[in-house]
Structures are given as C-alpha cells and as structure tokens.
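Per-entry structural report
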Amino acid sequence: MSPVLRLLLRILGFGALVAGGLVVALLALAAALLLGPLVFWVAWNVLDFASAVGLPELGFWGIVLATLFLVASWFGKVVIAGIVFLVDPSWFHGSARVHWPEPTFRNFVAVALLALLAARPHSHAHKGTARRARS
C-alpha cells in the first residue's frame, strides 16, 4: 500500500471518529432538551397532576418554561420570572385555589417525575472538590 493512500485512510478514519462523536454528543443534547419537557408534560397534563393540586393544565410554552424553571439555578429562575413579567404582566395577577393532592399512586408518580426534573446531582458534585482544592 502506498504511503499517500495510508495517510489518506488514517485521516479519513480519524475524521469519521470525530464526526461520530460529534453526532452522538448532539443527539444526547437534543434528547436532553426534548426529554425534560416531555417528562413534565406527562406528569402535569397526562397524569393530571395539575387538577390534583387545583391548577390548570399548561400549553406548550408553559410546559417549556416550567421545565426550565425546575432545572435552572436561582439566577435562571429570576430570569424566567422576569421574562414572564415583561411579556405578560397580567399573568401574575391570576389566582388559584391550590390544595394538597390526594394520596394516589398516580399523584405519587407525577410528583416523582417532577422531582426527577428538579433534582440536580451535578450541583452537589462540586461541593467536595472545593474542599479538596483548599486542603
């Protein structure tokens, strides 16, 4: 095999490896962006947790904003509240009669799904590294 052909095959092989890794990373990002609102939609609208606590069902943008609100940091929550206030200030004047849901398995699953979205294990992972770095 000629050295030029061998070099070309090495370059193409490395390029395919990089392209494959990039595709996998983009698919994982797309799945994460689509999976969060889907989980919230299932818990809120399909399992009917909204009516279980006395709140209305949410549309598409309400689900997206609520999902972002659950997974965002404190600063992200403030930004989302500011955006909602600037776009539709009358939204904050609404009222609802919120109550504790009935202790059913369906409501338990809905709460577990919402807690799954709100849980951020990566925020706890950095606490131990700061202590080790100072030692």
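Structure first, text after, so check above.
Overview of the structure.

Calculation criteria
Residues numbered from 1 in each chain as written. Predicted model: local features only at pLDDT ≥ 70, side-chain atom pairs only at ≥ 80, totals over all residues. Heavy atoms only, no water. Helix = DSSP H or I, 4+ residues; strand = E, 2+ residues; numbered from the N terminus. Buried < 20%, exposed > 50% of the residue type's maximum accessible area, 1.4 Å probe, protein only. Axes fitted to C-alpha atoms, helices over the stretch in contact; angles between N-to-C directions. Parallel < 35°, antiparallel > 145°, perpendicular 65-115°, else oblique. Contact = heavy atoms within 4.5 Å. Nonpolar A, V, L, I, M, F, W, Y, C, P; charged D, E, K, R; others polar. Polar contact = N/O pair within 3.5 Å; in protein donor to acceptor, adjacent residues only side chain to side chain.

Next up on the list: unusual backbone geometry. Unusually for a residue other than glycine, D48 sits at a positive phi of about 60°. Note on placement: D48 falls in the loop between helix 1 (3-46) and helix 2 (49-52). Overall, D48 belongs to the partly exposed group, its relative accessible area being 24%.

Two elements in contact, helix 3 (residues 60-71) and helix 4 (residues 74-87), have axes separated by 9 Å at closest approach and are oriented at 155°. Viewed along their axes, helix 3 and helix 4 adopt a mutual orientation that is roughly antiparallel. Residue-level contacts link L65, L68, F69 and L70 of helix 3 to K77, I80 and V84 of helix 4. For the contact of helix 3 with helix 4, the residue count by class is six nonpolar, no polar and one charged.

Quick look at the side chain of T67 now. Tracing the backbone shows T67 in helix 3. With a relative accessible area of 5%, T67 lands in the buried category. For T67, the residues in contact, after removing those within four places along its chain, are G36, P37, F40 and L117.

Here the focus is the packing of helix 3 against helix 5 (residues 105-118). Between helix 3 and helix 5, the least distance of the axes is 7 Å, while the angle of their chain directions is 60°. In terms of orientation, helix 3 lies oblique with respect to helix 5. Counted together, T67, L70 and V71 of helix 3 and L114, L117 and A118 of helix 5 form the full contact between these two elements. Within the contact of helix 3 with helix 5, the residues separate by chemical class into five nonpolar, one polar and no charged.

Within the element layout of this structure, N45 appears in helix 1. At a separation of 3.0 Å, a polar atom in the side chain of N45 contacts the main-chain carbonyl oxygen of L58.

In this structure, L33 sits in helix 1. We classify L33 as exposed; its relative accessible area is 58%. For the pair L33 and V64, spaced 31 residues apart in sequence, the C-alpha to C-alpha distance is 9.7 Å.

Turning next to the environment of A110. Along the chain, A110 falls in helix 5. Along the primary structure A110 and F49 are separated by 61 residues, whereas in three dimensions their C-alpha atoms are 6.3 Å apart. Beyond its immediate sequence surroundings of up to four residues, A110 is in contact with A43, L47 and F49.

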